[in-house]
Amino acid sequence: KTTLRIAIGSGSAFLVAQLVDIVVFNQLRNRRWWVAPLASASVGTIVDTVIFFTIAFSASLPADGNTGWANEAVPLLGYGPVTSLWVSLATADWAVKMSLAILALVPFRLIVRNLLSRRQEI
């Protein structure tokens with residue numbers, strides 16, 4: 001059962017992170033080919049993760065029957081210092097998103113190079 005907190009967190013995180021991503025990318029677009037996509041993805045990912053997990057699961061907001069479990073104390077990523085489950089989940093989520101952003105740099109470069117070469121042919 002989806003809670004209102006999760007829906008608000010998801011929508012808010014998506015909107016703010018996308019806008020931040022665009023601003024960062026636009027500011028850095030004239031640097032080396034990898035700077036803008038990597039920096040914008042990094043900042044956007046952090047913003048998205050922090051907003052979503054804080055709104056959806058943080059104990060600083062009122063808990064409901066569907067999100068109270070997220071404040072259970074667990075080792076960070078199963079091995080580190082004890083923290084809230086939602087912090088451990090947020091850390092894992094961020095790590096996966098960053099890994100995908102880094103992996104996406106290769107196809108991004110190939111697509112941009114292909115588009116630029118076609119543009120020069122015209």
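Rules used in this analysis
- Residues numbered from 1 in each chain as written.
- Predicted model: local features only at pLDDT ≥ 70, side-chain atom pairs only at ≥ 80, totals over all residues.
- Heavy atoms only, no water.
- Helix = DSSP H or I, 4+ residues; strand = E, 2+ residues; numbered from the N terminus.
- Buried < 20%, exposed > 50% of the residue type's maximum accessible area, 1.4 Å probe, protein only.
- Contact = heavy atoms within 4.5 Å.
- Areas by Shrake-Rupley, 256 points an atom, 1.4 Å probe, with all protein chains shown as cover.
- Core = buried A, V, L, I, M, F, W, Y, C linked by side-chain atoms within 4.5 Å.
- pLDDT = per-residue confidence, 0-100.

Colleague: I'd love a proper account of the overall build of the chain, names of residues and values included.
Modeller: Within the chain, the secondary structure is distributed over 4 helices and 2 strands. Starting at the N terminus, the α and β elements of the chain follow one another as α-α-β-β-α-α. The proportion of buried residues among the 122 residues of the chain is 26%. Contacts spanning at least 24 positions in sequence make up 56% of the contacts within the chain whose residues lie at least 6 apart. A total of about 8100 Å² of accessible surface is found on the chain, and carbon and sulfur atoms cover 68% of it.

Colleague: Pulling in residues and values, what's your account of the nonpolar core?
Modeller: In this structure, Ala-13, Phe-52, Phe-53, Ala-56, Phe-57, Ala-70, Trp-86 and Ala-90 together form the largest nonpolar core, which totals 8 residues. Those elements that place two or more of their residues in this core are α2 (35-57) and α3 (85-103). When residues in this core are grouped by element, the largest group, 4 residues, is from α2.

Colleague: Quick rundown of the confidence of the model for the chain? Include the residues and the values.
Modeller: Scored by pLDDT, the chain has a mean of 85; 89% of the residues are at 70 or more. Of all secondary-structure elements in the chain, the lowest mean pLDDT belongs to strand β1 (residues 73-75), at 77, while helix α1 (residues 4-28) reaches the highest, 94.

Colleague: A description of the environment of Asp-93 should follow, citing residues and the corresponding values.
Modeller: By secondary structure assignment, the location of Asp-93 is in helix α3. For Asp-93 and Thr-49, which are 44 residues apart along the polypeptide, the C-alpha to C-alpha distance reads 7.2 Å. For Asp-93, the contacting residues outside a window of four places in its chain are Thr-49 and Phe-53.

Colleague: How would you summarise the side chain of Thr-49 if you had to cite specific residues and measurements?
Modeller: Its location among the elements puts Thr-49 in helix α2. Aside from chain neighbours lying at most four places away, what touches Thr-49 is Thr-54, Ala-90, Asp-93, Trp-94 and Lys-97.

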